[in-house]
Amino acid sequence: MPRRRRRSRVSALEGGREEEAPPEAAAVPSAPLTSQQQTEAAAERILLRGIFEIRRGSCDVVLSERALRWRPILPERPAGDSKYDWLCKEEFIELKDIFSVKLKRRCSVKQQRSGTLLGITLFICLKKQQNKLKNSTLDLINLSEDHCDIWFRQFKKILAGFPNRPKSLKIFLNPQSHKKEATHVYHEKVEPLLKLAGIKTDVTIMEYEGHALSLLKECELQGFDGVVCVGGDGSASEVAHALLLRAQKNAGMETDRILTPVRAQLPLGLIPAGSTNVLAHSLHGVPHVVTATLHIIMGHVQLVDVCTFSTTGKLLRFGFSAMFGFGGRTLALAEKYRWMSPNQRRDFAVVKALAKLKREQRSPKSDCNDQWQMIQGQFLNVSIMAIPCLCSVAPRGLAPTTRLNNGSMALIIARNTSRSEFIKHLKRYASVKNQFNFPFVETYTVEEVKVHPRNNTSGYNPEEEDETASENGFPWNVDGDLMEVSSEVHIRLHPRLISLYGGSMEEVNDSKVTCNCF
């Protein structure tokens, strides 16, 4: 499959109108500007300059339009003495990495509201390895109320100038996700960070399947800057589907037959609190709650491709990925054993589905340049994925060469083969080996697919019990949700249809994957 050039998003600081440093700040004694600082000042206007204690040392601190820089103040030494030059090394943080500022005070039991002013605390978003983000702090110590107030107000003004950062969020929380941990995850890890950033929230508890869908059809969203889902893949997919349906309705379109859908009007944040968290993992590179929360706070937004699933011209739903065959049957079996723990239920369903491995008589069609090409045969599994589908059992992704917004889907077909060979294929997802390097596996890059059922189900034993089939049809796994359809399913890709809170992530090291591309 050909590699596609990755698009990156470059965000620039949107600050307020530049102002001269107030007299109080200018009056604070400080060391003269170095040649490097003079060069930077010429290209970037200095807003404030003063003395603060940072990490137990007095520093000359300069606040410019894009960065906060500081350098230790050292006693004068003889000319030519470079012994302590390393101590004068300048440090800096970019203003776009600061998400909150607070006045730092010494508080005691008797002083519950305010105490002696100590300085200013900056709350910073730092990037660690493997796409993780963490929050950190930097204290600027100065006991002058007037001095700190000037700097504090300037920091607040700068932070208010970032246009994508949300000030108010609508939160949907699924308390039943995974081991019913979503409520704990939100209150212990997410809510404190949102409060620290000064973001207002309105939380709705999802009480049943389809609850978010019914609410988002009618609820007032005008006062919110974004929507956040705390839960697993099923919950996240439901909220995304609901936002897109609402966008079509607001645009005056019929929501049951959509040819060219319009983009969702609000960005969606995904807080991973499920058992697999494929959507959040693919978006952030890691299923890490703090990382997902900080992306929301920082206003990191990227457009993501979405699929429509239709049958006989009627829209079934919006989604990001789907599996038919083994993947659909495994989910259908897992749904029958909800009383088990999530990990036990998943493992049990996989083993049972492998024990009753069946081939499907289906005909996926792929479209490119308005020319349909048909692939017929007996298939163990058919996957259609618009995102990489990273998860714990597939750290490189179920579709490792697909990106979030490259305008194409991965069609992966596993033809009929022995159970042992199919298991080898599945095990490859957890390794660095190429999971597609089997004669029975075919991969395609497509924009549109139709999966057409044959009239008979050759390969099935009519006397053998089929726990997954129902009167509504055979099971599909769409973003971790069960969808049962008996007729042809038409899957179309719609590029960059929804905005999701998340930053560009490091590329996963992929082994070479060969494919047929239409």
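Further up the page is the structure itself.
Residues numbered from 1 in each chain as written. Predicted model: local features only at pLDDT ≥ 70, side-chain atom pairs only at ≥ 80, totals over all residues. Heavy atoms only, no water.

### Some points on the pattern of salt bridges
At step 1: Per the counting criterion, the structure on display carries 14 salt bridges.
At step 2: Residue Glu 90 is joined to Arg 71 by a salt bridge in which the shortest nitrogen-to-oxygen separation is 3.9 Å. Of this pair, Glu 90 sits in the loop between strand E3 (67-72) and strand E4 (91-94) while Arg 71 sits in strand E3; the two residues are 19 residues apart in sequence, bridging distant segments of the chain. The exposure classification of Glu 90 matches that of Arg 71, with both residues buried.
At step 3: Residue Lys 424 is joined to Glu 421 by a salt bridge in which the shortest nitrogen-to-oxygen separation is 3.2 Å. Placement of both Lys 424 and Glu 421 in helix H11 (residues 419-428) is noted, with a separation of three residues, approximately one turn of the helix. (Salt bridge = Lys/Arg side-chain N within 4 Å of Asp/Glu carboxyl O. Helix = DSSP H or I, 4+ residues; strand = E, 2+ residues; numbered from the N terminus. Buried < 20%, exposed > 50% of the residue type's maximum accessible area, 1.4 Å probe, protein only.)

### Digging into the packing of helix H5 (residues 211-218) against helix H6 (residues 233-250)
At step 1: Look at H5 against H6: their axes get within 9 Å of each other, and the N-to-C directions meet at 25°. Taken together, the axes of H5 and H6 are roughly parallel relative to one another. Crossing handedness for the pair H5 and H6: right-handed. Here His 211, Ala 212, Leu 213, Leu 216, Lys 217 and Glu 218 of H5 lie close against H6, whose contacting residues are Glu 238, Val 239, His 241, Ala 242, Leu 243, Leu 245, Arg 246 and Lys 249.
At step 2: Taken together, the residues of the contact of H5 with H6 sort by class into seven nonpolar, two polar and five charged. (Axes fitted to C-alpha atoms, helices over the stretch in contact; angles between N-to-C directions. Parallel < 35°, antiparallel > 145°, perpendicular 65-115°, else oblique. Left-handed = near helix turned anticlockwise from the far one by under 90°. Contact = heavy atoms within 4.5 Å. Nonpolar A, V, L, I, M, F, W, Y, C, P; charged D, E, K, R; others polar.)

### Considering the environment of Glu 447
At step 1: Mapped onto the fold, Glu 447 is located in the loop between strand E19 (441-446) and strand E20 (448-453).
At step 2: According to the relative accessible area criterion, Glu 447 is partly exposed, its value standing at 48%.
At step 3: Along the sequence, Glu 447 and His 494 sit 47 residues apart, while their C-alpha atoms lie 8.4 Å from each other.

### A look at the pairing of strand E21 (residues 474-478)
At step 1: The element E21 is largely enclosed, with a buried count of four among its five residues.
At step 2: In the sheet, strand E14 (residues 321-325) pairs with E21 via three bridges, with the strands oriented antiparallel. Across the sheet, Ala 322 pairs through a bridge with Val 478, a residue of E21.
At step 3: For E21 and strand E22 (residues 481-485), the ladder comprises five bridges, and the chain directions are antiparallel. Bridge assignment links Phe 474 to a residue of E22, and that residue is Val 485. (Pairing = 2+ DSSP bridges.)

### Comments concerning the packing of aromatic side chains
At step 1: Throughout the structure, instances matching the rule amount to seven aromatic pairs.
At step 2: When the centroid spacing of 5.1 Å and the interplanar angle of 45° are considered together, the rings of Phe 324 and Trp 476 count as tilted. Of this pair, Phe 324 sits in strand E14 while Trp 476 is found in strand E21, placing the two residues 152 residues apart along the sequence.
At step 3: A ring pair is formed by Phe 438 and Phe 440, whose centres lie 5.4 Å apart and whose planes are at 40°; its orientation type is tilted. Considered together, Phe 438 and Phe 440 belong to a single accessibility category, that of buried residues.
At step 4: By the ring-pair criterion, three or more aromatic residues cluster together here, those being Phe 52, Trp 151 and Phe 155.
At step 5: The aromatic ring of Phe 92 is capped on one face by Arg 69, whose charged end is 5.1 Å from the ring centroid.
At step 6: One residue, Lys 170, lies across the ring of Phe 172, its end atom 5.5 Å from the ring centre. (Phe/Tyr/Trp six-rings, centres within 6.5 Å; stacked < 30°, edge-to-face > 60°. Lys NZ or Arg CZ within 6 Å of the ring centre and 35° of its normal.)

### Quick word on helix H8 (residues 289-298)
At step 1: Where burial is concerned, most of H8 is hidden: 10 out of the 10 residues are buried.
At step 2: Among the residues making up H8, those that are buried are Val 289, Val 290, Thr 291, Ala 292, Thr 293, Leu 294, His 295, Ile 296, Ile 297 and Met 298.
At step 3: Looking one or two places after H8, you find Gly 299, whose phi comes out positive at around 75°.

### Remarks on the nonpolar core
At step 1: Counting residues in hydrophobic clusters, the biggest one holds 58 residues, and the most contacted among them are Val 239, Leu 268 and Ile 498.
At step 2: The element contributing the most residues to this core is H6, with seven residues.
At step 3: Leave out the neighbours within four places in its chain, and Leu 268 touches Val 227, Val 228, Cys 229, Ala 236, Val 239, Ala 240, Leu 243, Ile 498, Ser 499, Leu 500 and Tyr 501. (Core = buried A, V, L, I, M, F, W, Y, C linked by side-chain atoms within 4.5 Å.)

### Quick word on the packing of helix H4 (residues 182-196) against H8
At step 1: Viewed as axis vectors pointing N to C, H4 and H8 meet at an angle of 30°, and their least axial separation amounts to 10 Å. By the angle between their directions, the pair H4 and H8 is classed as roughly parallel. Considering how the two elements wind past one another, H4 and H8 form a crossing that is right-handed. The residues of H8 that touch H4, namely those facing Val 185, Lys 189, Val 190, Leu 193 and Leu 194, are Val 289, Val 290, Thr 293 and Ile 297.
At step 2: Residue composition of the contact of H4 with H8, by class: seven nonpolar, one polar and one charged.

### Structural notes on H6
At step 1: In a regular helix each residue adds 1.5 Å, so 18 residues correspond to 26 Å; H6 covers 26 Å between its end C-alpha atoms and thus fits that length.
At step 2: In terms of burial, H6 is a largely internal element, 16 of the 18 residues being buried. (Expected span 1.5 Å × (residues − 1).)

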